[in-house]
Amino acid sequence: MSSTSEPALEVSVTEVKQMQDASTDFLLLDVRNPDEYELCRIEGSMLLPMGELMDRIGEIEEHRDRTIVVHCHHGGRSMQVTQFLRQKGFSHVQNMAGGIESWSLEVDSAVPRY
């Protein structure tokens, strides 16, 4: 059941940057693989690879009522994780459209592209 307070399914990279700049309380969840995370990351993000989510979901349980912004490389894996978490009752989860690729192109060119 959707509540009226449920946020949009996707959020843009510029909106995420604005949230960071405003010190908005949210978890930035990186669902890429560890090797991708080693190549580049967004400062302050938490790595929880999509393939490990089922086994490690308890690690984000404390964030259930917080805004969670999920990202990956281009936005596909993170959209799957966003929808999965919403099904599990995490109601304030959003996918960062375009992933870290868009972050590098639109927000922070110091983040390497791959």
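Here the structure is a predicted model, which means the values were calculated and not measured.

Each value, and the rule that gives it
- Residues numbered from 1 in each chain as written.
- Predicted model: local features only at pLDDT ≥ 70, side-chain atom pairs only at ≥ 80, totals over all residues.
- Heavy atoms only, no water.
- Core = buried A, V, L, I, M, F, W, Y, C linked by side-chain atoms within 4.5 Å.
- Buried < 20%, exposed > 50% of the residue type's maximum accessible area, 1.4 Å probe, protein only.
- Helix = DSSP H or I, 4+ residues; strand = E, 2+ residues; numbered from the N terminus.
- Pairing = 2+ DSSP bridges.
- Right-handed = clockwise from strand over helix to strand, strands pointing away.
- Salt bridge = Lys/Arg side-chain N within 4 Å of Asp/Glu carboxyl O.
- Expected span 1.5 Å × (residues − 1).
- Contact = heavy atoms within 4.5 Å.
- Phe/Tyr/Trp six-rings, centres within 6.5 Å; stacked < 30°, edge-to-face > 60°.
- Lys NZ or Arg CZ within 6 Å of the ring centre and 35° of its normal.

### A look at the nonpolar core
Counting 14 residues, the largest nonpolar core has Leu29, Ile60, Ile68, Val70 and Leu85 as its most contacted members. Those elements that provide at least two residues to this core are strand S2 (26-30), strand S4 (67-71) and helix H4 (76-87). In terms of residues, this core owes the most to one element, H4, which gives three residues. In this structure, Met19, Phe26, Cys40 and Ile100 belong to the second largest nonpolar core, which totals 13 residues.

### What about the pairing of S2?
Counting buried positions along S2 gives five out of five residues, so the element sits mostly inside the fold. Burial along S2 is two-sided: Phe26, Leu28 and Asp30 facing one way and Leu27 and Leu29 facing the other are all buried. Pairing analysis gives five bridges linking S2 to S4, with the strands arranged parallel. Bridge pairing links aspartate 30 to histidine 71 in S4. Looking at chain direction, S2 and strand S3 (residues 46-47) are connected through two bridges and run parallel. Looking across to S3, one finds that leucine 29 is bridged to methionine 46.

### Looking at the pairing of strand S5 (residues 93-96)
Judged by which residues are buried, S5 turns out to be covered on both faces: Val93 and Asn95 on one side and Gln94 and Met96 on the other are all buried. Traced from S4 through H4 to S5, the parallel crossover comes out right-handed.

### Comments concerning the pattern of salt bridges
Enumeration according to the criterion identifies nine salt bridges in this entry. The partner of arginine 64 in a salt bridge is glutamate 61, and the shortest N-O contact between them spans 2.6 Å. A relative accessible area of 23% means that arginine 64 is categorised as partly exposed. The salt bridge partner of arginine 113 is glutamate 101, with a shortest N-O separation of 2.6 Å. Here arginine 113 is found in the segment after helix H5 (99-106), whereas its partner glutamate 101 is found in helix H5, with twelve residues between them in sequence. Overall, glutamate 101 belongs to the buried group, its relative accessible area being 12%. Here the salt bridges do not stand alone but share partners, grouping Glu52, Arg56 and Glu59 into one network.

### Looking at H4
In a regular helix each residue adds 1.5 Å, so twelve residues correspond to 16 Å; H4 covers 17 Å between its end C-alpha atoms and thus fits that length. Among the residues of H4, Ser78, Met79, Val81, Thr82, Phe84, Leu85 and Arg86 are the ones counted as buried. Where the residues of H4 are buried, they touch strand S1 (10-11), S2, helix H3 (53-56), S4 and S5.

### Considering the packing of aromatic side chains
Aromatic ring pairs are described here by two measures, namely the spacing of the ring centres and the angle between the planes. One pass over the structure, following the stated rule, counts zero aromatic pairs. Above the plane of the ring of phenylalanine 90 lies arginine 64, whose end atom (NZ or CZ) is 4.2 Å from the centre.

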